[in-house]
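Each chain is listed here by its residues.
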Amino acid sequence: MGFQFNTDCEGPISKNDNAMELSEFYIPNGHRFFAMVSKYDDFLADIERRPGYKAGDTLKLILPFLKAFGITDRGMRQFSREHLLLVPEAKEALQEINALMETFIISTSYEPYIDALCEVLEFPKDRTYSTQVSLDKYLLKNEEKERLINLAKEIQGMEMMEWPEKAQGLDDLSGHDRKTIQRLDQIFWREIEKMAIGKILSEVNPVGGKEKANAVLQSMERTGNSLEEVIYAGDSITDVEAFDLVRKGGGITISFNGNRYALRSAEVACLSPHAFILAIFADAFKKGGRKGLMQIVDRWGADSLTSMGIDPQWVQRLTSSSSEDFPKVYRITDENRAMLIQESEVFRKKVRGIKIGSLG
């Protein structure tokens, strides 16, 4: 029986949100701009569930604006290398996991960022899936550039949208937020889509939502494994369809410092300041399959880890720092999900910062 480990990048492996950071660096008040577009993405993907749109398509929506503000392929690569920030022990964890089973990184991030990550991690690039993009091949007319700069200012000035927990469409939003969604629809799908630069919206296909699920299936074609032999670790809305695929197939799904979207779909919640715990999950999975890993989850604690066959030196790596840093692990249930969402989202912001931790 073979096993494999599939993981998202930003969250379990790195602390970055590369697309947000690029926006913040190149676009004046770029964080505000990115947060608004990301919230729009959440609405389209999770609330309206608009046909043809998937979680993570934020990464194509912002590209015309990044181009307008002067980003190049070289600039994207250089920025990614210079601002890469790993989760502590991510490199060591991936090395151990890779020695146990075949390992893949499945990321919505732009390929230049994943290239930089692989260099630092010494991880094989051919075991990664990411969003392919080359801004240099797109020409931008001066009048389009000026219009995009003005549209960016308009988007930055919009009031952040909010909606009820059980919202299912525009009718569940306030009148003001409905107008905001409708205006963003006009900007992206009428005005920008008609620009010459607008072909980016049809040609770039971010690896989020169903594309992450497809990447899981593609990785399984390479290994010959079945879904019950897969661990998938993720943390956000872009991982939901991969979570659903793996969980329904009998594999293990782990929310690593995840937000509410991840915790609605994953089976295991992990709150950890470092990544080495992922190696422990992989080790338990290889030794005992799904049953063995879930026993670890249900009996979580330093003493039980050792008694259940986890290398004492590995356990020591979890306990070497303060007791506050010892990871928390839970089986997610209908009864504890609301509590875990609150706790995990607070912890997520502590680990990754409020700006990144607040994104969907």
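Before going into details, it helps to say that this report is about the structure given with it.

Conventions adopted
- Residues numbered from 1 in each chain as written.
- Predicted model: local features only at pLDDT ≥ 70, side-chain atom pairs only at ≥ 80, totals over all residues.
- Heavy atoms only, no water.
- Helix = DSSP H or I, 4+ residues; strand = E, 2+ residues; numbered from the N terminus.
- Buried < 20%, exposed > 50% of the residue type's maximum accessible area, 1.4 Å probe, protein only.
- Lys, Arg positive; Asp, Glu negative; His and termini not counted.
- Salt bridge = Lys/Arg side-chain N within 4 Å of Asp/Glu carboxyl O.
- Contact = heavy atoms within 4.5 Å.
- 1 Å grid on protein atoms, 1.4 Å probe; cavity = no way out; pocket = protein on both sides within 12 Å on 5 of 7 lines; lining within 4 Å.
- Points joined across faces, edges and corners; volume = space filled by probe spheres on them.
- Nonpolar A, V, L, I, M, F, W, Y, C, P; charged D, E, K, R; others polar.
- Arc of directions from axis to C-beta.
- Axes fitted to C-alpha atoms, helices over the stretch in contact; angles between N-to-C directions.
- Parallel < 35°, antiparallel > 145°, perpendicular 65-115°, else oblique.
- Left-handed = near helix turned anticlockwise from the far one by under 90°.
- Pairing = 2+ DSSP bridges.
- Right-handed = clockwise from strand over helix to strand, strands pointing away.
- Polar contact = N/O pair within 3.5 Å; in protein donor to acceptor, adjacent residues only side chain to side chain.
- Phe/Tyr/Trp six-rings, centres within 6.5 Å; stacked < 30°, edge-to-face > 60°.
- Lys NZ or Arg CZ within 6 Å of the ring centre and 35° of its normal.

**So, the side chain of Glu21**
Here's step 1: Of note, Glu21 is situated in helix H1 (residues 18-26).
Here's step 2: Among buried Asp, Glu, Lys and Arg side chains, Glu21 stands out as unpaired, with Arg352 the closest opposite charge at 7.0 Å.
Here's step 3: Look past the residues within four positions of Glu21 in its chain and what remains in contact with it is Asn16, Phe79 and Ile356.

**A few points about empty space enclosed by the protein**
Gaps left between atoms are located by rolling a probe of water-molecule size over the structure's atoms.
Here's step 1: The tally for this structure, following the rule as stated, stands at 1 cavity of 30 Å³ or more.
Here's step 2: Estimated volume of the largest cavity: approximately 350 Å³.
Here's step 3: If you trace the largest cavity, you find 26 residues lining it, with Glu10, Asp17, Leu59, Ser236 and Thr238 closest to the centre.
Here's step 4: Mapped by element, the contributors of at least two residues to the lining of the largest cavity are H1, helix H2 (30-48), helix H3 (58-61), strand E2 (102-110) and helix H17 (337-352).
Here's step 5: Residue classes in the lining of the largest cavity are distributed as 7 nonpolar, 10 polar and 9 charged.

**Comments concerning helix H5 (residues 73-82)**
Here's step 1: Within H5 the residues assigned to the buried category are Asp73, Gly75, Met76, Phe79 and Ser80. Buried positions in H5, seen along its axis, are confined to an arc of 165° and lie on one side of it. Of the exposed residues in H5, the ones pointing more than 90 degrees away from its buried face are Arg74 and Glu82.
Here's step 2: In this structure, the buried residues of H5 make contact with H1, E2 and helix H7 (111-121).

**So, the packing of H5 against H7**
Here's step 1: Two elements in contact, H5 and H7, have axes whose closest approach is 8 Å; the angle formed by their N-to-C orientations is 40°. On the basis of their axis angle, the class for H5 and H7 is oblique. In this structure, the crossing between H5 and H7 has a hand that is right-handed. Side by side, H5 and H7 meet where Met76, Arg77, Ser80 and Arg81 of the first sit next to Pro112, Tyr113, Ala116 and Glu119 of the second.
Here's step 2: For the contact of H5 with H7, a count of residues per class yields 4 nonpolar, 1 polar and 3 charged.

**Some remarks on the pairing of strand E4 (residues 230-234)**
Here's step 1: Of all 5 residues in E4, 5 are buried; the element is thus mostly enclosed.
Here's step 2: Two strands pair when backbone bridges link them, and strand E1 (residues 4-7) and E4 are joined in this way by 4 bridges, in the parallel orientation. Following the sheet pairing, Asn6 is matched in E4 by Tyr232.
Here's step 3: With 4 bridges connecting them, E4 and strand E5 (residues 252-256) associate as parallel partners. By the bridge assignment, Gly234 is partnered in E5 with Ser255.
Here's step 4: In this region the chain leaves E4, passes through helix H12 (residues 240-248) and returns to the parallel neighbour E5; the handedness of that crossover is right-handed.

**Points about the pattern of salt bridges**
Here's step 1: For the structure shown, the criterion picks out 25 salt bridges.
Here's step 2: A salt bridge links Lys125 to Asp115; the nearest nitrogen and oxygen atoms lie 2.7 Å apart. Remark: Asp115 occurs in helix H7 and Lys125 occurs in the loop between H7 and strand E3 (128-131); sequence separation between them is 10 residues.
Here's step 3: Overall, the relative accessible area of 32% leaves Lys125 in the partly exposed class.
Here's step 4: A residue is classified by how much of its surface remains accessible, and Asp115, at 27% relative accessible area, is partly exposed.
Here's step 5: The closest approach of N and O atoms between Asp283 and Lys287, which form a salt bridge, is 3.1 Å. On the criterion of helical spacing, the pair formed by Asp283 and Lys287 is a turn pair, its members being 4 residues apart in helix H14 (residues 277-298).
Here's step 6: A single network of salt bridges, built from pairs that share partners, joins Asp46, Glu165, Arg260, Arg264 and Glu345.

**Side note on the sheet that holds strand E6 (residues 268-271)**
Here's step 1: Read from one edge of the open sheet, 7 strands run E3-E2-E1-E4-E5-E6-E7, paired in mixed fashion. Edge strands, defined here as strands with exactly one partner in the open sheet, are E3 and strand E7 (328-331). Neighbour to neighbour, the strand axes of the sheet diverge by 15° on average, direction disregarded.
Here's step 2: For E5 and E6, the ladder comprises 3 bridges, and the chain directions are parallel. Paired with Ser255 across the bridge in E6 is Ala269.
Here's step 3: Packed on one face of the sheet, helix H11 (residues 210-223) meets E1, E2, E3 and E4 and runs near 155° to E2.

**A word on the side chain of Gln4**
Here's step 1: Tracing the chain through its elements places Gln4 in strand E1.
Here's step 2: Separated by 3.1 Å, the side chains of Gln4 and Asn6 make a polar contact.
Here's step 3: Here the side chain of Gln4 touches Ser219 through a polar contact of 2.9 Å, side chain to side chain.

**Section: the packing of aromatic side chains**
Here's step 1: According to the stated counting rule, one finds 14 aromatic pairs in the structure shown.
Here's step 2: Between Phe188 and Trp189, the ring centres sit 6.4 Å apart and the planes meet at 50°, which makes this aromatic pair tilted.
Here's step 3: According to the relative accessible area criterion, Phe188 is buried, its value standing at 0%.
Here's step 4: An angle of 85° between the planes, with centres 5.5 Å apart, marks the rings of Tyr232 and Phe243 as edge-to-face. Highlighted residues: Tyr232 in strand E4 and Phe243 in helix H12, separated in sequence by 11 residues. Taken as a pair, Tyr232 and Phe243 share a single burial class, namely buried.
Here's step 5: The rings of Phe33, Tyr40, Tyr53, Phe65, Phe188 and Trp189 are connected pair by pair, giving a single aromatic cluster.
Here's step 6: Positioned above the aromatic ring of Trp163 is the side chain of Lys39, whose terminal nitrogen or guanidinium carbon lies 4.7 Å from the ring centre.

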